[in-house]
Amino acid sequence: MAIMKKIGVLTSGGDSPGMNAAVRAVVRASVYYDRKPYGIKEGYNGLIQNYINPVNARSVKNIIHRGGTVLKTARSMEFKTKEGRQKAFENLQAAGIDGLVVIGGDGSFTGANIFEQEFGIPCVGIPGTIDNDIYGTDYTIGFDTAVNTVVDAVDMIRNTASSHNRLFFIEVMGRDAGHIAVNAGIAGGAEDILVPEQDLGVDRLIKSLKRSRKAGKTSSLVIVSEGDQTGGAYKLAEDVKSKLPEYEIKVSVLGHIQRGGNPTYFDRVLASRMGVHAVEALLAGTSNVMIGIKNQELVQVGLDVAIKQNPDINRNLLRIAEIVSI
C-alpha cells in the first residue's frame, strides 16, 4: 500500500451547517499527522475543472461557526460520465493526491464509490445533509441545526396562531424522509405531523382537528414534510378548508432557511469527530467507507451499504407525537 502523503477534501450536493467544521477537522488532522491537505472547490465539478489547491491549518481558521461551505458545492452531471471521472482522476494524479474525503449525502457517496472502484483512489465519506436520511448513522451533519431552526420558526408562528385562533400548516424540508418534521413537530408541540413514510390521509387529520376543537383548542399547528403523500402544505390546506370552512387557515413554507445558520454545538462537535476519524481511516489503509455515529460511538460503514439502504423513520417518535398532541 502506497504511503498516504496528500489528502484532498471536498463538499458535494446540498450544503448543510457543520460542513465547514468537518473541512476544518480534515485539514487540521492531515497537518497534525504530517500530511499535506488540499481543498477542492465546487465538489466533483472542481475535480474536473482542477479547482484543487493546497491548504494549511491557518487556511481553515474562523470557519467552525459558519454555515454553508467555504469550499462551495455544485452538482456535476459530467462526473456521472466515465469521461468526466477520467478528467478528475488525471487532475488528482497531477496534484499527487493519494486519498479523498467526501462530505455530502447519498449522491456524493455514490460518486465516491464508483470513483474508487474505477481508479483506485481511496475515498472516505462524511455524511453531511440536513435530512438525516443516510443509512448507517444515527445523525448526519446539519440535521441538529436544521431541526433547531425549524423549532425557532414554529415557536414564532405559534405566537400569531394563538393570537388569531388560526390553523397553520408549516411545510419543512424532507422530500423522501420525515426526520426533520417528526423531531421539530414534537419539540414545537404540533397538532399533527405528516411525513412521506406514513400515508395518514386527510380524513384522519380532519378527525384529529375536530377532536382538538372539542377539547378546547383554539389554534393548531400541523407540520408537513415537503414529500408527504397528501401533496404538500398548500394542497393539504385546500383539502382541509373545503371540509372545515370555519377554520382560518394559513400556510408557511420554511424553505431554505433550514439549510442556513450557524451550526449548533452538536453539529460542530460531530463534524470535528468525523473529520478527524476520516483522516485516520485513510492513514490506516481503510477506504470506501462512510464515517457514521451509532450510540455516540463513531463507526465505519461501507459506502455501498450506506447508499443502498434507507433509514426508517423512528416509529416510536411518531407514537409519542400522537400521545402528547391530545
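Read on for an overview of the structure. Nothing here was measured: the structure is a model prediction, and the numbers come from that model.

Here we come to the nonpolar core. Grouped together as the largest cluster of nonpolar side chains are 29 residues, with contacts concentrated most on Val9, Val101, Ile103 and Ile126. If you list the elements that add at least two residues to this core, you get strand S1 (6–11), helix H1 (19–32), strand S4 (99–104), strand S5 (123–127), helix H9 (265–283) and strand S10 (289–294). In terms of residue count, H9 provides more of this core than any other element does, eight residues in total. Here Ile103 is in contact with Val9, Leu10, Thr11, Ser12, Met19, Ala22, Val23 and Ile126, once residues within four sequence places are set aside. One finds Ile130, Ala161, Ala181 and Ile193 within the second-largest nonpolar core, a separate group that totals 27 residues.

The buried fraction of S1 amounts to five of the six residues, a majority that puts the element mostly inside the structure. Crossover connection from S1 via H1 to parallel strand S2 (residues 36–40): handedness right-handed.

Here the focus is unusual backbone geometry. Backbone geometry at Asp34 places phi at a positive 60°, although glycine is not the residue there. Note on placement: Asp34 falls in the loop between H1 and S2. A positive phi is found at Asn288, a non-glycine position, where the angle reads about 60°. Tracing the chain through its elements places Asn288 in the loop between H9 and S10.

Assignment of secondary structure puts Glu118 in helix H4 (residues 106–119). If we ignore the near neighbours within four places in the chain, the residues touching Glu118 are Lys82 and Arg85.

What follows concerns the packing of aromatic side chains. How two aromatic rings sit relative to each other is given by the distance of their centres and the angle of their planes. Under the criterion given, the structure shown has seven aromatic pairs. Taken together, a centroid distance of 5.5 Å and an interplanar angle of 55° make the contact between Phe79 and Phe115 tilted. In this pair, Phe79 sits in the loop between strand S3 (52–54) and helix H3 (82–95) while Phe115 sits in helix H4, placing the two residues 36 residues apart along the sequence. As far as the burial class goes, Phe79 and Phe115 line up, both buried. Measuring from ring centre to ring centre gives 4.8 Å for Phe89 and Phe119, while their planes differ by 15°; the resulting arrangement is stacked. Taken together, the residues Phe89 in helix H3 and Phe119 in helix H4 connect sequence positions 30 residues apart. Of the two residues, Phe89 and Phe119, neither departs from the other in class, the shared state being buried. Here the aromatic residues Tyr44, Phe79, Phe89, Phe115 and Phe119 are joined through ring pairs into a cluster of three or more.

Rules used throughout
- Residues numbered from 1 in each chain as written.
- Predicted model: local features only at pLDDT ≥ 70, side-chain atom pairs only at ≥ 80, totals over all residues.
- Heavy atoms only, no water.
- Core = buried A, V, L, I, M, F, W, Y, C linked by side-chain atoms within 4.5 Å.
- Buried < 20%, exposed > 50% of the residue type's maximum accessible area, 1.4 Å probe, protein only.
- Helix = DSSP H or I, 4+ residues; strand = E, 2+ residues; numbered from the N terminus.
- Contact = heavy atoms within 4.5 Å.
- Right-handed = clockwise from strand over helix to strand, strands pointing away.
- Phe/Tyr/Trp six-rings, centres within 6.5 Å; stacked < 30°, edge-to-face > 60°.

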